Structure formats: C-alpha cells, structure tokens
Amino acid sequence: MIGSLTLLLAPVSSSPFLSLNRLSCFHSSSSLSASEFSALYIWRTKCILCRLIDLLRATSRRLALATKTSTITSMAKEEENAGNVKRQLAKLFDESLKATVPNEPDVEPLVAACTAKFGDYQCNNAMGLWSKIKGKGTEFRGPPAVGQAIMKNLPPSEMIESCSVAGPGFVNVVLAKNWIAKTIQRMLIDGIETWAPRFCVKKAVVDFSSPNIAKEMHVGHLRSTIIGDSLARMLEFSNVEVLRRNHVGDWGTQVDLVSENMYPLCGSFSCLLISSLYIDFVGTPTFISLHHSVQLKDFKHILQFGMLIEHLFEKFPNFEDVNETAIGDLQAFYKASKQRFDSDPAFKEIAQKAVVRLQGGEPKYHQAWAQICEISRREFDKVYQRLRVQLEEKGESFYNPYIPGVIEALTKLGLVEESQGARVIFIEGVNIPLIVVKSDGGFNYASTDLTALWYRLNEEKAEWIIYVTDVGQQQHFDMVFSAAKRAGWLPSDGSTYPKASHVGFGLVLGEDGKRFRTRSSEVVRLVDLLDEAKSRSKMALIERGKAEEWTEEELEQTAEAVGYGAVKYADLKNNRLTNYTFNFDQMLNDKTGSLVLDHADERALGLHLLQFSEVVEEACSNLLPNVLCEYLYNLSEYFTKFYSNCQVVGSAEETSRLLLCEATATVMRKCFYLLGIVPVYKI
C-alpha cells in the first residue's frame, strides 16, 4: 500500500453514542454457511473495523498530506473510469478486438468477473467472434486461436499483471496488486463518490409505496417502500436526480369517476349507493360488460369515506378540532365504523347519503374528508420517518386536469378506437384492450396512469420512470408502456432512453406459506411489525448485558438500527420477484458455526472492494437491490477471512492493512446507506 491516510469512520454526529473512541468491539472466529444471510454478522464486521480505524487515525495522520499531494495528478488522468474495473478492462479489450478483427465492426467486449481459479476477470468474445468469421477466409483456426490473438493485441496497462487463455478462447486477466492498492488508496483520498456508477440518465422518477388514503399502512406496503427507497438511493448515488413519487389513491379520482361513470346507467348516484350489489363489501362483480368493468373494490373505497365521516360526526360533534390523538388508532377507528355500517341499517343509509353529500361538495363533509386524509398522511409520515424514507405525494387526483388532453392527443394519433361503446387502445399480443374511456364517458385507472406517464415524460422531463408495485400489476403496466410506445412517447425497442420499467415483487408470506397475517387473520400493520422488530432487538441486547453498559439512549438507538435494519435486509436480500417468508427469529439471529478457512489475503479483499462500482451499476440497471445485499454480505466474509489470517496491529504491514480496513469500512458504510439501513458502531 502506498503511503497512508487518515479518514474518520464515524458518521456526522456529536453524539457520544457514535463516537469511535467509545466503541466496544469483539473478534469473531465464526462463519456462516454460504446460504445464510445475517445483518448482524455484517454489523459485527463493522465493529471490528471501528477499532482498527481508531488505530489508523493514531498511526497514519502524519502521512496523509504527502500522500494526497502525490496522487492528484494520476487521479485526473483516470477520472473517467475511476471506480469501474469492468469498464476500464472493456476499453482495453475494445482496442484489442478492433485490432484482432478489423473487418467486424461494433463488437462489444464481453467482460465479466470470474473465479480466482482462473483470474480476476475474463473476456468471453472468442467463441462469438469465431461463429462470425469462420468461412470468411480468416487466418484463425478456432476460438482458442481467436482468444490468443485478443490477448496478444491487448494494449499495455498498469492494471494488468498477467493474462492467459483457457478453454475455447476465454481470456483470463489477473489484476496487478500494486494497481489495486493504488486505486483503493485513491478512493480513500477522493471519497467513495468517485466510485459511483455513471449513467446517461440525468433525471428519473421512482414511483413507490402508494398506500391508500384513510387506511393505515400494512405489511403489504413494506416491499414497495423498502425496494423503492433502495433503488432511489442507488440512482441518487449514481448522480441521477430522482423524483420520489408517492402515487396515493385519493378520493378525488374515485368519487368523480363513480359519479360520472355510473350515473347514466343507474339514473341517480343515490340509487346506485342504495343498490345492494355495490354495498355488500364482498366479491368483485363486473357491471354489465367488459367496458363497464366497475369493480366492487372501487366502491368499497368510496363508501368507506361515508361511514368514516358519519362515525366521526357521531363520536366528535366538534369534529373541526379532531386530530390523530383524539381518534387514536386509525385502524380501530375504521373497524368501529365498519362494524356500525354492517350491523346498523340506519347508520348504513346515513353513510351512503354522506357519500352523495361529499361528492356534491358540501363544505362540512369535504372538511371532514380532508381531516381524515390529513390524519392518514401524518400516520404514513411516522412510518416513513422510522424507515428513513423520503417521498413526495402526487396522488391520482393531481393528474385529473390533464387526462382529457392526453386522451385527445392519443385519439389524433389514431391509437384510440371505439369498441362496444368504449374507447380503447388495442395492444398486440394481449386479448383484452386497454380501456381509456368507458362507454359512459368516464375515465379509469388506465387513463390516470397513461396521463401520469405523459406528465412525467413531458412536464417533469424524466428519462427513466420506475414503478414499484406487486407482480400482479405487471400486465397492466406492460399494456400502458406498449400504448406509450405506439404513441411515440417511448422508444419502440425499449433499449434506449427515455424508458419506463415495472419493478414487480412477490408476496410477504407467513410461516404457513400464506399471506403474512395476524393470528386473527387480519393484515399486519406495518407500524406493529416495526415495533415488534425493535422490541425483539432490544430484548436481545438486554440479555447480553448491554443495559448495564450503555445509556438508555444508546440502547434505544441500537435496538432501532438493528431491528429496522434487519427487517429491510431480510426483504432486500431476496430476489424481489420471489415471495419470501417473514420470520423474526431468523431475521434477528446472529448465531454462527465454526469457521474453516483455506486461505485469505489482502488481495482478495481489495479485489472485492474494486467491484463495488460495477455491482451498484448492475443493481441499478436491472433494478435488483438483492445484488448489492449479496455483495455486502460477501464483503463481510472477505474481511473476516482477511482479519483472521492477516495480523493487523503490530505487524510490519500495519499501516497498509489499516488502510485496507478503512477502505472496507468506507464501502460498507455506503452499502448500508444505499440499502437504507442505519449501521451500528458497537454491538
């Protein structure tokens, strides 16, 4: 390692809890099996790093300035690809490919990380090239010969120590240890931001969370909120301006739609509400035909405002002064009003009429509705604050004024056709049309989503719009995106920007393999889940005797960080497309077995650190946060092997190894941030 450098690991805080001089750490001689993931295992690694960074500060401060001065010039030369090893190698192989097959233009270098058995990286172009050039009078006699030529034509570079060709022309590259050391050293001087991926996208919209107004957030919102926040953080780290959008389902759209869509068919809005077909709160019948597909769940959401408002009036005559403290548990308030609605015919009729008055714009009812919505939003914000998630609400009603103009523009382009009295867009390969105007003249969710997409592309100038919802909405968004491509809003092939992506995710399951619910078969409230995670984490800390060692503030902060972090990590470590089973015991378990190591050294850890940038780029490009989770866990394992086999303090290589420890801490801290997890600095 060249020189030394002093950088502080502690986060920006004056709290003694976060002061590195007070960290309590321990050595770990344990390991986890390859199939296990544990947030606490990673945090333990971080605690070891904390102690070592204290020593680094004490031993290397005097060399920091000289080191920084000596590396500024070389930084400027390599700034373009400072953090991404794969891209730097791809540039070298691009030159080699042009020299090897000058008559084959536009050959993209295929570079990937590989196992240490053969090298650090591998170029896999030989077989593909051979299939193109054989029979064209080429001098080569097979893929191995092509691989040899690619290796021979590589331009000289300080980053490459050696190359070899294996199998059918795979070119294996071993990186130079001195270059690895210098690159890590440079990151410590200039900051982890120099390793940020670089996208051609300048602005993106991430649409996530989106709970229902007037209802509390439940465990079903957990995945959208956590995955969306992590994707937004990674894009922001990559210097993309991210518009974090909370596309809530608000009353404005739905009540207007019901009054517009159903009045012509029923004769009066009151008549519709009194009809038992739409107020039984069971099933999802379809009204009249495909193009009158008004489902009962829409009416449930509308009618709930009527029963909530009337229950509010009964319980609080002076409702103007009501706040969340007076209402208390929003879910309990909803249940009480729902029970009255189901059991009291007189209350049911009053609630139905309340919806009519609300839709009619009576100030008293509109004010009550606004209060309920505001209380609901404040409850959402409490959950977001605990999860450290930031969002800007732009609900469905925000886009209402733009819908007619968007539909008119699509009609002028010839996309909108008449079908059974409705106006639809036919999508190739799909046996049902995308209904944009119902036969009664009303709009629907497809109208809103198309308009929101248009607004984000044309008004907000976003180049990448990302929707984070469950996989059940995949077909809907595929149809919306296909319509946008036909309209010319998005490129037809989807490979260039601007583009829209649906980030689907599976269900959160209980241990019985069914949707995660309480013992009484109710949906688990998200706030209850977070409370339980913190409570279990705190109890585990108390059982370890931390209540006697730490202040109450330290105990609370650590319990929150570990509890909430474990919830996030347990979700994000899974491929988002799969269902996962929620289990507190596994989530918070940090018990490990014995460790058996073959070997470990500084180079393996350093190489893994260098792969941080390309891993973040892969996670962003493919919208898969679990890729970063896997990298973080593997980083902990690499460091554990290094620390167990390489003496740091008191060794001849102390300064160099302390720098490697600090680089590990820097990368690990950034990983935690990108995943939305608060690290702890003692455990």
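For the structure, see preceding data.
Caption draft 1: Layout of the overall build of the chain. The helix and strand inventory of the chain stands at 25 helices and 16 strands. Across the 683 residues in the chain, those meeting the buried criterion constitute 55%. Counting contacts in the chain only where the partners sit at least 6 residues apart, residues at least 24 apart contribute 74% of the total.

Caption draft 2: A look at the environment of Ala604. Relative to the helices and strands, Ala604 resides in helix α22 (residues 602-610). Separated by 31 residues in the primary sequence, Ala604 and Leu635 place their C-alpha atoms 10.0 Å from one another.

Caption draft 3: Expanded view of the pairing of strand β5 (residues 170-175). The pairing of strand β3 (residues 121-123) with β5 spans 3 bridges and is classified as antiparallel. When the bridges of β5 are listed, Gln122 appears paired with Asn172. Inspection of the sheet shows strand β4 (residues 160-166) paired to β5 by 6 bridges, in the antiparallel sense. Of the residues in β5, the one forming a bridge with Cys163 is Val173. Linking β4 back to β5 in an antiparallel pair, the connection comprises 3 residues, with Gly167 at a positive phi of about 55°.

Caption draft 4: Expanded view of helix α16 (residues 445-458). For α16, which comprises 14 residues, the first-to-last C-alpha distance of 20 Å matches the rise-based estimate of 20 Å (1.5 Å per residue) to within 8%. Where burial is concerned, most of α16 is hidden: 11 out of the 14 residues are buried. Along α16, the residues classified as buried are Ala446, Ser447, Thr448, Asp449, Leu450, Thr451, Ala452, Leu453, Tyr455, Arg456 and Leu457. Its side-chain oxygen placed 3.2 Å from the backbone nitrogen of Ala446, Asn444 serves as the N-cap of α16.

Caption draft 5: Structural context of the packing of α22 against helix α23 (residues 612-622). Interhelical geometry of α22 versus α23 gives an angle of 40° and a closest axis separation of 4 Å. Relative to α23, the element α22 is oriented oblique. Contacts between α22 and α23 involve His608, Leu609 and Leu610 on the former and, on the latter, Phe612, Ser613 and Glu614. A breakdown of the residues in the contact of α22 with α23 according to their chemical character gives 3 nonpolar, 2 polar and 1 charged.

Caption draft 6: Region of interest: the side chain of Asp120. Inspection of the secondary structure puts Asp120 in the loop between β2 (111-113) and β3. Leaving out residues up to four positions away in the same chain, Asp120 has contacts with Ala113, Cys114, Val173, Val174, Leu175, Arg603 and Leu607.

Caption draft 7: Spatial organisation of the sheet that holds β2. The sheet built from 4 strands is open, its strands ordered β2-β3-β5-β4 with antiparallel pairing. Of all strands in the sheet, those bounded by a partner on one side alone are β2 and β4. On average, each strand axis in the sheet is inclined to that of its neighbour by 25°, with strand direction left out of account. Note: β2 against β3, 3 bridges, orientation antiparallel.

Caption draft 8: Spatial organisation of the packing of aromatic side chains. Across all of its chains, the model carries 15 aromatic pairs by this definition. Consider the rings of Phe313 and Tyr365, whose centres lie 5.3 Å apart with planes at 75°: the pair is edge-to-face. One end of the pair, Phe313, is in helix α10 (residues 296-315); the other, Tyr365, is in helix α14 (residues 363-387), with 52 residues separating them in the sequence. In this structure Phe313 comes out as buried when scored by relative accessible area, which is 13%. Above the ring of Tyr673, the side-chain terminus of Arg233 is found at 4.6 Å from the ring centroid. A cation sits over an aromatic face here: Lys499 above Trp464, 4.6 Å from the ring centre.

Caption draft 9: Layout of the pairing of strand β6 (residues 203-207). Where burial is concerned, most of β6 is hidden: 5 out of the 5 residues are buried. Side chains of β6 alternate between two faces, with Lys203, Val205 and Asp207 and Ala204 and Val206 buried alike. Examined bridge by bridge, β6 and strand β7 (residues 241-246) share 5 bridges and lie parallel to one another. The residue of β7 that forms the bridge with Asp207 is Arg245. Sheet analysis places β6 next to strand β12 (residues 464-470), joined by 4 bridges and oriented parallel. Following the sheet pairing, Ala204 is matched in β12 by Trp464.

Caption draft 10: Region of interest: the nonpolar core. With 131 residues, the main nonpolar core has Leu89, Leu175, Leu609, Phe612 and Val667 as its most contacted residues. Not counting chain neighbours up to four residues away, the residues in contact with Leu609 comprise Ile184, Trp195, Tyr631, Leu635, Leu660, Ala663, Thr664 and Val667.

Caption draft 11: Region of interest: helix α24 (residues 626-645). In a regular helix each residue adds 1.5 Å, so 20 residues correspond to 28 Å; α24 covers 29 Å between its end C-alpha atoms and thus fits that length. Summarising burial for α24: 14 of the 20 residues are buried, a large majority.

Caption draft 12: Structural context of the pattern of salt bridges. Considering all chains together, one arrives at 30 salt bridges under this definition. For Arg525, the salt bridge identified is with Asp528, shortest N-O distance 2.8 Å. On the accessibility criterion, Arg525 (17% relative accessible area) is buried. Connected through shared salt-bridge partners, Lys534, Lys538, Glu552, Glu556 and Glu560 make up one network.

Caption draft 13: Quick look at the sheet that holds strand β9 (residues 417-419). Taken together, 3 strands build an open sheet; the order of strands is β9-β10-β11 and the sheet is antiparallel. Only two strands of the sheet have a single partner each, and these edge strands are β9 and β11 (434-437). Sheet twist, expressed as the average angle between the axes of neighbouring strands with direction ignored, equals 50°. Strands β10 (422-425) and β11 of the sheet are contacted by α16, whose axis makes an angle of about 85° with β11.

Calculation notes
- Along each chain, numbering runs from 1 in the same order as the chain's sequence is written.
- pLDDT decides what is reported in this predicted model: residues at 70 or higher carry local features, side-chain atom pairs at 80 or more are listed and counted, and totals for whole chains, interfaces and linings draw on all residues regardless.
- Computation of side-chain values covers all heavy atoms of the structure but excludes hydrogens and water.
- Each helix is a run of H or I in the DSSP string that is no shorter than four residues. Each strand is a run of E no shorter than two, and both are numbered from the N terminus.
- Three labels apply to residues, based on accessible area from a 1.4 Å probe with only protein chains included: buried if under 20% of the type maximum, exposed if over 50%, partly exposed otherwise in between.
- Two residues form a contact once any of their heavy atoms are found within 4.5 Å.
- Whether two strands pair depends on DSSP finding at least two bridges between them.
- Take the residue count of a helix, subtract one, and multiply by 1.5 Å to get its expected span.
- In protein, a polar contact requires one atom able to donate a hydrogen and another able to accept it; more generally it is a pair of N or O atoms within 3.5 Å, and residues adjacent in sequence count only if both atoms are side-chain atoms.
- Convention adopted: a line fitted to C-alpha atoms gives each axis, helices being fitted over their contacting stretch, and angles between N-to-C directions are expressed from 0 to 180 degrees.
- Comment on the angle field: the value is read as roughly parallel under 35 degrees, roughly antiparallel over 145, roughly perpendicular from 65 to 115, and oblique elsewhere.
- Any residue outside Ala, Val, Leu, Ile, Met, Phe, Trp, Tyr, Cys, Pro, Asp, Glu, Lys and Arg is labelled polar, Gly included; the first ten of those are nonpolar and the last four are charged.
- Two rings from Phe, Tyr or Trp (for Trp, the six-membered ring) form a pair when their centres sit within 6.5 Å of each other. Planes less than 30 degrees apart are called stacked, planes more than 60 degrees apart edge-to-face, and all others tilted.
- Distance and angle both matter: a charge sits over a ring if NZ of Lys or CZ of Arg is within 6 Å of the ring centre and within 35 degrees of the ring normal.
- Throughout, nonpolar core names a set of buried Ala, Val, Leu, Ile, Met, Phe, Trp, Tyr and Cys residues whose side chains join them through atoms within 4.5 Å.
- When a carboxyl oxygen of Asp or Glu lies within 4 Å of a side-chain nitrogen of Lys or Arg, that pair is called a salt bridge.

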